[in-house]
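Coordinate analysis (summary)
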Amino acid sequence: MGSLLDVPGMRVGHAQRVGGGWLTGVTAVLAPPGSAGGVDVRGGGPGTSETDALDPSTLAQNVDGVALCGGSAYGLAAAAGVQQFLESEGQGFPVVGGVVPIVPAAVIFDLGRGGDFSKRPDTAMGFAAAAAAAGSDGADDAALRGCVGAGTGAVFARGRYKGGVGMASVALPAGPVQGPPGAPEVVLPEGLVVGALAVVNAAGAPVFGGPAVAGDPTLVGGAAPSSANTTLAVVATSAALTPAECKRTATAAHAGLARALNPSHTLVDGDTIFALSTRAIEFEREPDFARQLALFFVQTAAAEAVRLAILDGVRSATAVTTPAGTWEPYPAPAE
């Protein structure tokens, strides 16, 4: 299935607290210097910061990392900790006197799930997650999945099941691809890969190759949905994309979210996807159909990587009991 770390240069780290009223955390995704980024927010109840900095028309054309946080809007404070870590590493937008790391962030709602509404991520937790990410080269992928980081307090299917963090990747086959009729072949370079990380805290239920579990009240009827839902994802690629192409890739990746969760993008979800490019591998851009084909394959892979990462987050979650309740894993079918 792979992971976001299959994209060379990408790093992932988590920090979390469990017990004593806590059930929350932060996931930091660090990109290599010079990376491009984009974002697409499709849910009706998002909590984000610095997403405007990823607009292709803005001054900063690079992104240094992404912070995914528990704690609803309060948890956005953790993004400052990721910024502080990157500043200590000298990475960021150069200004007089130093650097300003560009770190967009998005949050899930997990307030009170550990038993204490006031226990939520802060700057120190964000710094710890970024520090953990800095040492994630060669990390055990299994330790980066499940009820960790921003997935620590995640639940889904109208609050019935335990959610978590999942990852996946899709490698693009290198070699010739036939262009339009009468046009020459386009050659995709070696090493193109798309990876994704997802935090599953959705109102909807997962879809494993077909309809969700028969009679699941998350689809029709049953308990009313709360506003405490959001699925977050970061998709990254080694393909050299512009900020505008990253934004379009984030848009395309939402198809994978919609295929993995039913329903998705509702008023009570804050569904948000970030797309990052390490700009490591150039591809043919002339004639224009060569660019179109390469981007088509990258964006198709992005949607599939997000779908797989979400389902991996469902499978990787483990049972949790706090004073606020007990959440068991979803009865997902065997692979």
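Described below are features of the structure shown in this document. (Residues numbered from 1 in each chain as written. Predicted model: local features only at pLDDT ≥ 70, side-chain atom pairs only at ≥ 80, totals over all residues. Heavy atoms only, no water.)

**A look at helix H2 (residues 123–134)**
When the terminal C-alpha atoms of H2 are compared, their 17 Å separation across 12 residues agrees well with the 16 Å that a helix rising 1.5 Å per residue should span. Along H2, the residues classified as buried are Met 125, Gly 126, Ala 129, Ala 130 and Ala 133. Burial along H2 is one-sided: seen end-on, the buried residues are contained in an arc of 135°. In the core, the buried residues of H2 are packed alongside strand S1 (11–19), strand S2 (22–30) and helix H1 (78–88). (Helix = DSSP H or I, 4+ residues; strand = E, 2+ residues; numbered from the N terminus. Expected span 1.5 Å × (residues − 1). Buried < 20%, exposed > 50% of the residue type's maximum accessible area, 1.4 Å probe, protein only. Arc of directions from axis to C-beta. Contact = heavy atoms within 4.5 Å.)

**Thoughts on the sheet that holds strand S5 (residues 65–69)**
Reading across from one edge, S1-S2-S5-S8-S4 is the order of the 5 strands in this open sheet, with mixed pairing throughout. Each edge of the open sheet is held by one strand with a lone partner, namely S1 and strand S4 (48–49). In terms of strand pairing, S2 meets S5 through 5 bridges, oriented antiparallel. If you follow Thr 27 over to S5, its bridge partner there is Leu 68. Sheet strands touched by H1: S2, S5 and strand S8 (105–107). Its angle to S2, the strand with the most contacts, is close to 40°. On top of the sheet, H2 reaches S1 and S2; it is set at about 135° to S1, its chief contact. (Pairing = 2+ DSSP bridges. Axes fitted to C-alpha atoms, helices over the stretch in contact; angles between N-to-C directions.)

**Examining the pairing of strand S16 (residues 230–239)**
Summarising burial for S16: 10 of the 10 residues are buried, a large majority. Here S16 shows two buried faces, one formed by Thr 230, Leu 232, Val 234, Ala 236 and Ser 238 and the other by Thr 231, Ala 233, Val 235, Thr 237 and Ala 239. Alignment of S16 against strand S18 (residues 272–281), held across 7 bridges, turns out to be parallel. Paired with Val 235 across the two strands is Ala 275, which belongs to S18.

**Re the sheet that holds S18**
Pairing in this open sheet of 5 strands is mixed, and the strands run S3-S18-S16-S14-S11 from one edge to the other. At either end of the open sheet lies a strand with only one pairing partner, and these are strand S3 (36–41) and strand S11 (165–171). Direction aside, neighbouring strands of the sheet carry axes that sit 15° apart on average. Packed on one face of the sheet, helix H3 (residues 243–260) meets S3, S16 and S18 and runs near 45° to S3. Where helix H4 (residues 288–316) meets the sheet, it contacts S11, strand S14 (193–201), S16 and S18, and its direction lies at approximately 40° from that of S14.

**Quick look at the packing of aromatic side chains**
Enumeration according to the criterion identifies 5 aromatic pairs in this entry. Each ring, one from Phe 85 and one from Phe 127, has its centre 5.5 Å from the other, and the planes form 80°; the classification is edge-to-face. In this pair, Phe 85 is assigned in helix H1 and Phe 127 in helix H2, connecting sequence segments 42 residues apart. Since its relative accessible area comes to 8%, Phe 85 is described here as buried. Centroid distance Phe 156 to Tyr 330: 5.7 Å. Interplanar angle 45°. Geometry classified as tilted. Taken as a pair, Phe 156 in strand S9 (residues 155–156) and Tyr 330 in the segment after strand S20 (325–327) lie far apart in primary sequence, 174 residues in all. Here a set of aromatic residues connected by ring pairs shows up, and it is made of Phe 156, Tyr 161 and Tyr 330. In this arrangement the basic side chain of Arg 120 is found over the ring face of Tyr 74, its NZ or CZ atom lying 3.6 Å from the centre. (Phe/Tyr/Trp six-rings, centres within 6.5 Å; stacked < 30°, edge-to-face > 60°. Lys NZ or Arg CZ within 6 Å of the ring centre and 35° of its normal.)

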